[in-house]
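These are the residues of each chain, in order.
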Amino acid sequence: MCGIALIVSGIRIDLSTLVPDSPSSLPLIPLGFASKFSVDDLKSALRQRGPDSLGSKKVRLIVRSSQGNFPIEEANQEEDLVISVLERSGEFGEQEYSTCLRNFAREEVTTTTESFKLGKDGHCSDGELQFIGATLQLRGRSRVMQPFLDSSGNVLVFNGEIFGGIEVAHDDNDSEVLLQTLVNCCSCHSNGHLNECSASGEDQNSVLEVLSLIKGPWAIIYWQENSRTLWFGRDAFGRRSLLVHWPDEVDSRFLLSSVSPFSSADQSSDVDIKDGSMPNFWEELSCGIYSVSLDYSPQDGYIAGGIKRHEWANTVLQELIRWERASVYPQAHDSYFSSCNLTEQRELLILPSAETIYLKSVPVQSSVSRQAHNVLSVLRKSVMLRTSQNDIFQVMADDSTQEDCSPIAVLFSGGLDSMILAALLDQSIDPNYGVDLLNVSFDGQSAPDRISAKAGVEELKRIAPSRRWKLVEIDADLSKLTMEMKHVMELIYPANTYMDLNIGTALWLAASGDGWTCACTRGFSDENQRVKYKSQARIVLVGSGADEQCAGYGRHRTKYRCGSWIGLHEEMKLDMQRIWKRNMGRDDRIIADNGKEARFPFLDEDVIKTLLEIPLWEVTNLDEPSGVGDKKILREVARLLGLQEASILPKRAIQFGSRIARESNRKNFGSNRAANQASAGSVVID
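From a predicted model like this one, the values you see are computed outputs, not experimental measurements.

Caption draft 1: Representation of unusual backbone geometry. Residue Pro147 is reached from Gln146 by a cis peptide bond, and omega for that bond is -5°. Secondary-structure assignment places Pro147 in the loop between β7 (123–135) and β8 (148–149). Residues Tyr493 and Pro494 are joined by a peptide bond in cis, for which omega reads 15°. Turning to its location among the elements, Pro494 is positioned in the loop between α14 (482–492) and α15 (498–512). Positive phi outside glycine occurs at Trp323, with the angle close to 55°. With respect to the element layout, Trp323 can be found in the loop between α7 (315–322) and α8 (335–339). A positive phi angle, near 50°, is found at Ser679, a position not held by glycine. Secondary-structure assignment places Ser679 in the segment after α23 (672–677). When its relative accessible area of 43% is taken as the criterion, Ser679 is described as partly exposed.

Following this line, the structure appears as structure tokens:
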């Protein structure tokens with residue numbers, strides 16, 4: 001998918017359950033008026049992502065007295081408009097009309113054909129939900145367009161992929177299947193089917209239960225007509241971006257969007273980025289499922305509803321979110337103490353073919369190899385699910401022969417994580433397809449990531465010589481990226497540090513796939529043989545989540561030294577529980593801006609579960625040096641794939657491997673030394 005948005009206006013949203021100090025009464029903005037961001041602003045931001053289609057639909061909520069004659073049939077003829085009627089028994093009183101007029105600060109509302117005085121037709125208050133959906137279609141045989149609307153008035157916009165939990169046939173579109181599943185849900189707000197549940201049978205699920213079943217990345221906005229309930233949320237690890245503006249004094253509307261738009265109110269070309277994005281206007285929506293049930297308040301004269309955040313109705317998912325590991329601290333009898341000095345011997349036990357492992361000679365090592373095989377198995381399945389489902393190559397196949405087609409790319413540094421993903425991708429897709437390996441450098445051929453990427457391609461050619469590996473070299477000069485970095489600032493918002501900007505810029509350029517590739521048959525030694533190339537891949541595999549789960553960061557080693565295994569576990573747990581806020585939303589917005597969909601195999605639910613089941617000392621051993629003990633389990637996986645050289649590479653973050661951090665430090669702080677003294681990575685951009 002691609003991106004979604006929602007504007008709720010003319011409705012009073014109660015935030016007291018989420019934000020205790022939120023204002024209880026805000027002046028409502030009349031329908032058709034925008035305080036900061038308009039519908040066109042949101043559409044423009046989503047259109048930037050290069051969708052195959054973009055659409056919108058409005059749900060107009062009308063409060064009508066039982067004696068009124070509001071022209072519902074006439075209004076329903078308006079294109080892309082759905083009328084939802086809230087009946088009010090009896091006629092409206094004079095005081096009620098006055099309250100309505102005061103709330104909406106106007107005397108008229110508009111139907112499809114004419115303006116009429118408030119109350120003349122038994123109509124008092126109205127509210128509006130504007131749904132916007134952009135679709136980068138990667139699944140299904142027939143074209144689809146969001147928002148989805150069924151005959152009962154239910155509306156869905158969905159940005160995600162269903163890789164499990166809900167059955168989706170090979171040639172079906174998962175969003176259409178999801179709508180059909182949601183339509184069959186009961187109208188209660190509990191997974192226990194209590195109180196207002198109208199389920200006709202015991203097998204009927206609630207919306208909460210259905211969304212809790214989904215395996216894969218997603219963000220959703222869904223209007224359930226029969227309960228007058230708006231559902232919204234994002235998956236438990238925040239793999240799809242969803243920003244929220246809670247109603248406040250600046251703008252009393254409730255807004256959701258996959259990306260922060262640039263306001264049309266700020267037309268000056270030299271406007272400051274933060275002014276355009278409006279600091280503190282948007283925030284990352286916390287992972288979870290939310291609902292707000294709407295009804296009319298006769299005493300106050302407006303439509304209102306309170307937002308409720310729900311607990312996940314899936315015990316397995318709840319366990320993954322808690323991220324508790326059964327075996328954290330090794331005991332005297334555990335293999336950790338028996339294998340501390342066997343690093344060199346362990347490397348000799350695994351042949352380059354990765355097929356034969358002499359476990360009998362060192363029995364204590366059998367558990368390590370078995371765990372690595374388990375991780376390899378779930379990772380292989382994760383990559384296959386994300387690359388081989390449905391008709392993902394259909395669009396490219398229409399414009400090119402299979403021999404020229406590279407439908408999937410890898411964000412590629414040549415490091416451990418991206419090498420594993422590339423090798424597994426080779427095992428997952430048709431051998432006739434090429435694979436684009438996207439590598440960005442801010443120091444030409446001298447950047448560490450460029451050097452390791454070239455070496456990595458050669459190793460991939462050795463284990464998969466028939467695959468067409470194409471290293472796409474994306475060269476950048478920070479001094480010439482002024483406008484591009486302003487755009488990246490808009491995309492990463494509400495993230496706002498130099499580290500976010502550096503990572504975001506490197507990712508944005510890499511995901512563009514616009515660079516150079518070698519025209520020669522072998523090697524990359526002669527730059528004069530490079531030709532211009534732009535990757536047309538619409539799916540990009542990204543290694544996010546590997547470092548958090550396998551102790552790949554330098555701070556993990558520091559925590560281990562200071563707090564031993566318990567301190568390490570708590571730091572890794574913290575990383576996983578905040579990955580949605582620090583990484584995933586930002587990275588999803590950056591990559592999607594290039595008309596590509598990011599997929600994160602290391603954050604597959606089954607991969608997370610499998611890694612948590614492994615004792616921590618089998619996942620990592622930080623008593624060993626960098627490149628050996630950190631991410632130990634993934635280094636074992638690399639050896640099983642035949643990636644001997646990649647298995648000993650140290651961790652290098654993209655901002656350092658591409659050398660954008662060095663260039664940024666020189667530009668903004670004068671030198672690397674000055675930047676380090678100022679803790680440049682965490683400095684907020686002025």
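Caption draft 2: Representation of the pairing of strand β17 (residues 302–310) within the structure. For strand β2 (residues 11–14) and β17, the ladder comprises 4 bridges, and the chain directions are parallel. From the neighbouring strand, Asp14 faces β17, where its bridge partner is Gly306. Sheet topology note: the strand β16 (residues 295–297)/β17 ladder contains 3 bridges and is antiparallel. Each bridged residue has a counterpart across the sheet, and for Ser297 the counterpart in β17 is Tyr302. Counted between consecutive antiparallel strands, the loop separating β16 from β17 contains 4 residues, among which Gly301 sits at a positive phi close to 75°.

Caption draft 3: Examining the packing of α15 against helix α17 (residues 554–592) more closely. Where α15 meets α17, the closest approach of the two axes is 9 Å, and the angle between their N-to-C directions is 40°. In the crossing of α15 with α17, the sense of the turn from one axis to the other is right-handed. Contact with α15, carried on its side by Asp500, Ile503, Gly504, Leu507, Trp508 and Ala511, involves Arg582, Arg586, Asp587, Ile590 and Ile591 of α17 and no other residues of that element.

Caption draft 4: Structural context of the pattern of salt bridges. Taken as a whole and assessed by the stated rule, the structure comprises 42 salt bridges. The residue Arg234 makes a salt bridge to Glu284 at a minimum N-O spacing of 3.2 Å. In this pair, Arg234 is assigned in strand β11 (residues 229–234) and Glu284 in strand β14 (residues 283–284), connecting sequence segments 50 residues apart. Residue Arg234 is classed as buried on the basis of its relative accessible area of 0%. Where Lys631 meets Asp547, a salt bridge forms, and the shortest distance between an N and an O atom there is 2.8 Å. Placement of Lys631 in the loop between α19 (616–619) and α20 (632–640) and of Asp547 in helix α16 (residues 546–550) is noted, with a sequence separation of 84 residues between them. One continuous salt-bridge network, built from bridges that share partners, spans Arg139, Glu161, Asp174, Arg240, Asp588, Glu597 and Arg599.

Caption draft 5: Geometry of the packing of aromatic side chains. This model, assessed by the stated rule, comprises 9 aromatic pairs. Relative to Tyr290, the ring of Phe232 lies with its centre 5.1 Å away and its plane at 5°, an arrangement referred to as stacked. Within this pair, whereas Phe232 is found in strand β11, its partner Tyr290 is found in strand β15 (residues 288–293), the two being separated by 58 residues in sequence. For Phe232, a relative accessible area of 0% puts it in the buried group. On the basis of relative accessibility, which here comes to 2%, the residue Tyr290 falls in the buried class. Between Trp246 and Phe254, the ring centres sit 5.7 Å apart and the planes meet at 15°, which makes this aromatic pair stacked. Taken as a pair, Trp246 and Phe254 share a single burial class, namely buried.

Procedures and definitions
Residues numbered from 1 in each chain as written. Predicted model: local features only at pLDDT ≥ 70, side-chain atom pairs only at ≥ 80, totals over all residues. Heavy atoms only, no water. Helix = DSSP H or I, 4+ residues; strand = E, 2+ residues; numbered from the N terminus. Buried < 20%, exposed > 50% of the residue type's maximum accessible area, 1.4 Å probe, protein only. Pairing = 2+ DSSP bridges. Axes fitted to C-alpha atoms, helices over the stretch in contact; angles between N-to-C directions. Left-handed = near helix turned anticlockwise from the far one by under 90°. Contact = heavy atoms within 4.5 Å. Salt bridge = Lys/Arg side-chain N within 4 Å of Asp/Glu carboxyl O. Phe/Tyr/Trp six-rings, centres within 6.5 Å; stacked < 30°, edge-to-face > 60°.

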